[in-house]
Amino acid sequence: MFKSLKYLMAYTLPLVAWFGLSQGGFWYFAPAIYAFGIIPIFETLLAQDGRNLGEQEKEKLKIHPIFDWMLYLNVPMVYGILIYGLVLGTTLPLSTTTMIGLISAVGITMAVNGINVGHELGHRNSAVERFLGKLLLLPSLYLHFYLEHNKGHHLYVATPKDPATARYNQSVYHFWLSSVIGQYISAWRLQRQILQAEELAFLSPKNHMFWSTVAQIAYLALVWLVFGALGALIAFSAAVVSFLMLETVNYIEHYGLRRQLLPSGRYERTTARHSWNSNHTVGRIVLYELTRHSDHHARSNKKYQLLDCKEEAPQLPYGYPTSMVLSLIPGLWFSIMNRRVPADMLPETRRP
């Protein structure tokens, strides 16, 4: 059980953010340097770990509450960093550069410890846990992700119907635009289908998209009321940083992978081959095993501490944090990743 406390390392980012915000000036950029500089270095230097837990050990870890509480504690951490950033940003005379650093510190924390944990909790069976997941998505203005990810992405992953699956030779910048817009439209389409199937009115309590929109507007209005227009601008900008980080993760998770269309008109079953995985230790721990993505798609409500490494899954040459950095340089990313895309998944014109 002591080894399982490794997931406490996920708290290092909000701690670095808190320290950076408390020091001010250049230190506002500490979370960015930590997430995209220091962590990738350690990922590269440390050995990978592809071991899976035994069934007996899994049964013990499955019911131990510490793993759930490690997730719950991210709620006060994320909101604490957000409020701290808003107070500093609206009371101190910051330059444009330091303001960018402050926004990045808040936004990165909201992505790694907010959206990522919100994603994990959003798959849980408990209504309380799903509510906490939505609380973590709220400041990123990405509540539609809960519906679209669960009802859309997991159904259509690695097909043209999924806006969150990056196409072969699609740059991350083009993907940001297509995925952000596509997922929002998809979420409303799914919501309409759900309401029609259950014969519910638009203002039904089950209209997640409508009430999510109300909640997000109310959140920004509250920030404006308490911290003024500048505070609302900071909150909105930090949200953009956070959901673009999410979309960068989406980009690397399924880049270039696609399911074959069968003669029946349906797509082949989703398998471990349709997600990029990584056994790089630091990224695994900091992201609560998000990098074991194939197993997550096999059983979406499987708790993070129980996820397995699938041998048949395509493996990234670097960890998720490092891959995120590489994806920002499209030419470099294509040169590294295109040759790793399985031949049977390449576009017809690219197949050997």
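Residues numbered from 1 in each chain as written. Predicted model: local features only at pLDDT ≥ 70, side-chain atom pairs only at ≥ 80, totals over all residues. Heavy atoms only, no water.

For the chain, the helix and strand inventory stands at 14 helices and zero strands. Across the chain, helices and strands are ordered from the amino to the carboxyl terminus as α-α-α-α-α-α-α-α-α-α-α-α-α-α. Counting only C-alpha atoms and orienting by the principal axes, one finds that the chain spans roughly 60 × 55 × 45 Å. The proportion of buried residues among the 352 residues of the chain is 53%. Considering only contacts within the chain whose residues lie at least 6 apart along the sequence, 71% involve residues at least 24 apart. Summing over all exposed atoms, the chain offers an accessible surface of approximately 16,300 Å²; the carbon and sulfur share of this is 66%. Positive and negative side-chain charges in the chain, numbering 30 and 22 respectively, have mean positions lying 2 Å apart. (Helix = DSSP H or I, 4+ residues; strand = E, 2+ residues; numbered from the N terminus. Buried < 20%, exposed > 50% of the residue type's maximum accessible area, 1.4 Å probe, protein only. Contact = heavy atoms within 4.5 Å. Areas by Shrake-Rupley, 256 points an atom, 1.4 Å probe, with all protein chains shown as cover. Lys, Arg positive; Asp, Glu negative; His and termini not counted. Charge placed at Lys NZ, Arg CZ, Asp CG, Glu CD.)

Once that is clear, we can look at the side chain of K302. In this structure, K302 sits in the loop between helix 12 (293-298) and helix 13 (320-327). Of the polar contacts made by the side chain of K302, one reaches the side chain of D295; its length is 2.7 Å. At a separation of 3.4 Å, a polar atom in the side chain of K302 contacts the side chain of D308. When residues no more than four places from it in sequence are discounted, the contact partners of K302 are K58, E120, D295, L307 and D308. (Polar contact = N/O pair within 3.5 Å; in protein donor to acceptor, adjacent residues only side chain to side chain.)

Our next topic: the UniProt feature "transmembrane region" (unreviewed entry) in the chain. The feature "transmembrane region" (unreviewed entry), as given by UniProt, occupies residues 27-46, 66-87 and 99-119 in the numbering adopted here. Secondary structure content for residues 27-46 is 80% helix and 0% strand, and the end C-alpha separation is 26 Å. Each end of residues 66-87 is marked by a C-alpha atom, and these two atoms are 32 Å apart; helix forms 95% of the span and strand 0%. (UniProt positions renumbered as here; feature names shortened; annotations may be inferred.)

So, on to the packing of aromatic side chains. For the structure on display, the rule yields 20 aromatic pairs. Note on Y168 and Y255: the rings are 6.5 Å apart at their centroids and 20 degrees apart in plane angle, and the pair reads as stacked. Within this pair, whereas Y168 is found in the loop between helix 8 (144-156) and helix 9 (172-197), its partner Y255 is found in the loop between helix 10 (208-254) and helix 11 (281-286), the two being separated by 87 residues in sequence. Using a relative accessible area of 0% as the deciding quantity, one classes Y255 as buried. By the ring-pair criterion, three or more aromatic residues cluster together here, those being Y168, F175, Y251, Y255, W333 and F334. Lying over the aromatic face of Y146, K134 brings its terminal NZ or CZ to 4.5 Å of the ring centre. (Phe/Tyr/Trp six-rings, centres within 6.5 Å; stacked < 30°, edge-to-face > 60°. Lys NZ or Arg CZ within 6 Å of the ring centre and 35° of its normal.)

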